[in-house]
Amino acid sequence: MTYSVHSLLRCLMLATAVLSFGAALTGCSTIKQLHSTTQTLSISLEPQVLRTSGIAFITPSSVTGQEEDKQALALAFTEALKKARPALRVVPLPATLSAINRANLAGEYRQMFEDYRLTGIFSRDTLLKVSNVTGVRYLAQLKLGGFRQESKNRWGTLGIRMLETKTTSLRLYLQIWDGENGSVAWEGAQELSSSHETLKEDAISFKTAVEQSAAELLARLP
């Protein structure tokens, strides 16, 4: 039996593709890369005062088009803070909002955020009221600067999809305000870029990205 050169080349290409695909399945199913940059500034936040006074989350802010992520951001970050500082009294966002509404402060709270969008300053009087109704001194405000997920296929011989590169990037900011005097006591910024090559269709979730960024920020909290 004889084979043409063209047939032999086709068989060789197919065998190479199969072997490469098998190697990807067994040894290279997931290759992860993680890059992060963290910046923090401690102004007046003292560790002992934080532990004894507690902290409450107020409504996060976000870039246009990602407003629906604010609740998920607060929830994931709150869970990360409770895990990192189990002895710290943490008031989650829903509890803060409930306390504000019970105290009939919803209108004043809304006005505080409208002023903040223009000035970057929270009203001292309103902060003090929120601090009083939540029973804590410090108020944490998160800012979602950006979140993006992308995927790109890597194709092998004969058009077989070998791997898919999943990329996630997140920009996150945290300011801790002192409810007693209306000042910024601590702030931090975190930029995360994560990519992994996989045969699966799953992507890095928003919750996972936030938890990774939160861990980096909270590791530097006094």
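In this text, all values refer to a predicted model and were calculated from it rather than measured experimentally. Residue numbers run consecutively from 1 along every chain, following the written order of its sequence. Reporting of local features is limited, given that this is a predicted model, to residues whose pLDDT is at least 70; pairs of side-chain atoms are given and counted only at 80 or more, and all residues count toward the totals for whole chains, interfaces and linings. To obtain the side-chain values, all non-hydrogen atoms of the structure were used and water was disregarded.

### Some remarks on the packing of aromatic side chains
Centre distance within 6.5 Å is the pairing criterion for rings of Phe, Tyr and Trp, where only the six-membered ring of Trp is used; planes under 30 degrees apart are then read as stacked, over 60 as edge-to-face, and the remainder as tilted. Scanning the entire structure with this criterion turns up five aromatic pairs. For the ring pair Phe113 and Phe122, a centre distance of 5.2 Å and an interplane angle of 70° mean the geometry is edge-to-face. Seen in terms of ring centroids, Tyr116 and Phe122 are 4.1 Å apart; in terms of plane orientation they differ by 5°. Their pairing is stacked. The buried category is assigned to Tyr116, whose relative accessible area is 9%. Here the aromatic residues Tyr109, Phe113, Tyr116, Phe122 and Trp177 are joined through ring pairs into a cluster of three or more. Burial classes: relative accessible area under 20% of the type maximum marks a residue as buried, over 50% as exposed, and values in between as partly exposed (1.4 Å probe, protein chains only).

### So, helix H5 (residues 106-119)
Because an α-helix completes one turn every 3.6 residues, residues spaced three or four positions apart along the sequence face the same direction. Only DSSP runs of H or I covering at least 4 residues are called helices, and only runs of E covering at least 2 are called strands; the numbering of each starts at the N terminus. Helix span, as expected, comes to 1.5 Å for every residue beyond the first. Taking 1.5 Å of rise per residue, the 14 residues of H5 would be expected to cover 20 Å, and the 20 Å separating its terminal C-alpha atoms lies within 8% of that figure. Here H5 has its buried residues at Tyr109, Met112, Phe113 and Tyr116. For H5, the angular spread of the buried residues around the axis is 95°, confining them to a single face. For H5, the exposed residues lying more than 90 degrees away from the buried face are Arg110, Arg117, Leu118 and Thr119. Where H5 terminates, the next one or two residues include Gly120, which has phi positive at roughly 75°. The arc in question is formed by the directions pointing from the helix axis toward the C-beta atoms.

### Things to note about the environment of Ile121
Position of Ile121 relative to the elements: it lies in the loop between H5 and helix H6 (124-134). C-alpha of Ile121 to C-alpha of Gly182: the two residues are 61 residues apart in sequence and 8.9 Å apart in space. Any two residues whose heavy atoms approach within 4.5 Å are treated as being in contact. For Ile121, the contacting residues outside a window of four places in its chain are Met112, Asp115, Tyr116 and Trp177.

### So, the pattern of salt bridges
Within this document, salt bridges are pairs made up of a side-chain nitrogen of Lys or Arg and a carboxyl oxygen of Asp or Glu, the two lying within 4 Å of each other. Counting across every chain of the model gives five salt bridges. When the shortest N-O distance is used, the salt bridge between Asp178 and Arg137 registers 2.7 Å. Taken together, the positions of Asp178 in strand S6 (residues 161-178) and Arg137 in the loop between H6 and strand S5 (138-155) put the pair 41 residues apart, joining distant regions of the chain. Of the residues examined, Asp178 reaches a relative accessible area of 2% and is grouped as buried. Residue Arg137 pairs with Glu180 through a salt bridge whose shortest N-O separation is 3.6 Å. Here Glu180 lies in the loop between S6 and strand S7 (183-198) and Arg137 lies in the loop between H6 and S5, a separation of 43 residues in the sequence. One connected set of salt bridges, linked through shared partners, spans Glu79, Lys207 and Glu211.

### Concerning the packing of H5 against H6
Note on definitions: angles span 0 to 180 degrees between N-to-C directions of axes, and those axes are lines fitted to C-alpha atoms, for helices only across the stretch in contact. The interhelical angle for the contact between H5 and H6, taken along N-to-C directions, is 130°, at an axis separation of 10 Å. With respect to H6, the element H5 is oriented oblique. Here the hand of the crossing between H5 and H6 comes out left-handed. Facing H5, whose interface residues are Glu108, Tyr109 and Met112, H6 presents Asp125, Thr126, Leu127, Lys129 and Val130. Any residue outside Ala, Val, Leu, Ile, Met, Phe, Trp, Tyr, Cys, Pro, Asp, Glu, Lys and Arg is labelled polar, Gly included; the first ten of those are nonpolar and the last four are charged. Grouping the amino acids of the contact of H5 with H6 by side-chain chemistry returns four nonpolar, one polar and three charged. To sort the angles, those under 35 degrees are grouped as roughly parallel, those over 145 as roughly antiparallel, those from 65 to 115 as roughly perpendicular, and the leftovers as oblique. Crossing chirality is assigned from the near helix's rotation relative to the far helix, an anticlockwise turn below a right angle marking it left-handed and a clockwise turn marking it right-handed.

### Structural notes on unusual backbone geometry
At Asn104, a position not held by glycine, the phi torsion is positive, near 60°. Summarising the element assignment, Asn104 is placed in the loop between helix H4 (93-102) and H5.

### Digging into helix H7 (residues 206-218)
For H7, spanning 13 residues, the distance from its first C-alpha to its last is 18 Å, which sits close to the expected 18 Å at 1.5 Å a residue. Those residues of H7 that sit buried are Phe206, Ala209, Val210, Ser213, Ala214, Leu217 and Leu218. Down the axis of H7, the smallest arc covering the buried residues is 155°, so these residues share one side.

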